[in-house]
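What follows is the residue order along each chain.
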Amino acid sequence: MSANKNFHIPRHITNVTPETAFIVLEKAKMIERQGREVIHLEIGEPDFDTPRHIKEAAVRALERGETHYTPTPGIPELRQAIAEYLKEVYGVDYDWRNNIVVTTGAKQAIYAAMFTLLEDGDEIIYPNPGYPAYPAAAVCARARPIPYRLTMEDGFSIKPEKLAELLTPKTKIVVLNSPNNPCGSVMPREDVRGIVELAEDHGFYILSDEIYRPIIFDGLKHESPLNYASNIDRVIFVDGFSKRYAMTGWRLGYLAISKEIHPYIVKVLNIMTSCPVSFTQYAAIEALRGPQEPVYEMVREYEKRRNVLIEELSKIDHIRFIKPSGAFYAFVDVSRVLKKVGMNSENFVMHLIENYGVAPLHGSAMGEYGEGYIRICFANSMENIRKGVKKIGQAIERIFS
Ligand SMILES: Cc1ncc(COP(=O)(O)O)c(C=O)c1O
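## Some points on unusual backbone geometry
Following N128, the chain continues into P129 via a peptide bond in cis, with omega recorded as 5 degrees. Take P129: it is sitting in the loop between β3 (123–128) and α7 (133–140). Here N181 and P182 are connected by a cis peptide whose omega angle stands at 20 degrees. Mapped onto the secondary structure, P182 falls in the loop between β5 (171–177) and α9 (189–202). For S274, which is not a glycine, the phi torsion comes out positive at approximately 70 degrees. Following the sequence through the fold, S274 ends up in the loop between α10 (262–273) and α11 (278–289). Taking relative accessible area as the criterion, S274 reaches 32% and is therefore assigned partly exposed. Backbone geometry at H318 places phi at a positive 70 degrees, although glycine is not the residue there. For H318, a relative accessible area of 25% corresponds to the partly exposed category.

Structure, rendered in structure tokens:
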């Protein structure tokens, strides 16, 4: 019993699930503290350093004294740079004053959008397995998250006809995330276009999380609802600097949203954080307007690593996977292995960390439909990828021997 009889945490907060990838990281670190080696394939962050010209822009901003509060939606120059970027990449016209909001990471963009738009009784449909912040943010806003089950057979994409079966009059937001975490899938044009048509018929918003957009392989073209929406106000566009510019620690993301919603999101962000960090915003301008070659360089390197990963995975029996087309994850079906050994994916990952010194992420960390899978992040050196996957192979071989 608590000493304070008024102590009570609301049920939606006690029940909400945070990102459990950090639990696996903690376990791996514990093993490392015992002096044993662990190959980290669990956490989804680039192993590259932030490009030098971006860091230098932050240093210059600090030296100029840009160390104070900024406007809640971000400094005008950055919002202008974002609007220009969206025009260049998607050909859409956003007004930096009325449509763009800078946030403390894409995660806050997701949270702020859901918190602003949802209320008790509303539903969101989100990809499962998927990034856990979508259902978590919906639960915090007292709405009901409805999982859309991504399957390997459908190339881990959302199929409009299957999505249509889940729609109700309460559906307010449908989340798309392409390239996808954790599946590494890229949605084909017909799926994106079909979902835009559904949104226009049924009147729900599409929250399109495109944080992995440039990280795409095999010359594939990225498809966004922004390319097909007859009115971009239907799209809640989420993006961030973390992945493509290797800036996870800088905590910078943004939203492009309709003029109607904009002031309310700004109000919510004002209540939450007042404004994004000041000097990192100047670095973000440099990220967008400066040379993009470091991004292309990283993407080329991810593609090579993806190829190495596939080569190594192909040598392992009893698993299934499809070649990732984007982001830096492979989502591997290990259900036969789990059945044989009588473990769930989380126990299997713990077994791999403790006995083989390799840490992938259990699929259930990405939602209940991720059970039976492990996610392997290939934002790691080729050597570590080879070594780590070989260890997973040895563990599986042992189980079946
Ligand atoms: C799909 C997806 N969206 C958003 C984020 C959040 O990124 P940020 O670091 O900008 O908060 C992540 C981070 O892993 C992600 O995988």
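## Here's the deal with the packing of aromatic side chains
Ring pairs (aromatic) are described by centroid distance and by the angle formed between their planes. Inspection of the entire model under this criterion finds 15 aromatic pairs. Where F48 meets Y302, the ring centres are 5.5 Å apart and the plane angle is 65 degrees; that geometry is what we call edge-to-face. Taken together, the positions of F48 in the loop between β1 (39–40) and α3 (52–64) and Y302 in helix α12 (residues 293–313) put the pair 254 residues apart, joining distant regions of the chain. Classification of F48 as partly exposed rests on a relative accessible area of 26%. By relative accessible area, which is 1% here, Y302 ends up buried. Ring geometry for Y212 versus F328: centroids 5.5 Å apart, planes at 90 degrees, classification edge-to-face. One end of the pair, Y212, is in the loop between β6 (205–209) and β7 (235–240); the other, F328, is in the loop between α12 and β9 (329–333), with 116 residues separating them in the sequence. When sorted by exposure, Y212 lands in the same class as F328, which is buried. An aromatic cluster of three or more residues is present, and its members are F48, Y212, Y302, F328 and Y329. Above the plane of the ring of Y282 lies R64, whose end atom (NZ or CZ) is 5.2 Å from the centre.

## Focus on the pairing of β6
With five of five residues buried, β6 lies mostly within the body of the structure. Burial along β6 is two-sided: the face carrying Y205, L207 and D209 and the face carrying I206 and S208 are both buried. Where β5 lies against β6, five bridges are found, and the strand directions are parallel. By the bridge assignment for β6, V175 is matched with L207. At this point the chain moves from β5, through α9, to the parallel β6, and the crossover so formed is right-handed. Sheet topology note: the β6/β7 ladder contains four bridges and is parallel. Note on β7: the bridge partner recorded for D209 is V238.

## Quick look at α11
Given 3.6 residues per turn, any residue in an α-helix points the same way as the ones three and four places further on. If you check α11, its first and last C-alpha atoms are 18 Å apart, about what 12 residues at 1.5 Å a residue would give, namely 16 Å. Within α11, nine of the 12 residues are buried, which leaves the element mostly enclosed by the surrounding structure. Listing the buried residues of α11 in full gives S278, T280, Q281, Y282, A283, A284, I285, A287 and L288. Elements that come into contact with the buried residues of α11 comprise α3, α4 (76–90) and β2 (100–103).

About the cut-offs
Residues numbered from 1 in each chain as written. Predicted model: local features only at pLDDT ≥ 70, side-chain atom pairs only at ≥ 80, totals over all residues. Heavy atoms only, no water. Helix = DSSP H or I, 4+ residues; strand = E, 2+ residues; numbered from the N terminus. Buried < 20%, exposed > 50% of the residue type's maximum accessible area, 1.4 Å probe, protein only. Phe/Tyr/Trp six-rings, centres within 6.5 Å; stacked < 30°, edge-to-face > 60°. Lys NZ or Arg CZ within 6 Å of the ring centre and 35° of its normal. Pairing = 2+ DSSP bridges. Right-handed = clockwise from strand over helix to strand, strands pointing away. Expected span 1.5 Å × (residues − 1). Contact = heavy atoms within 4.5 Å.

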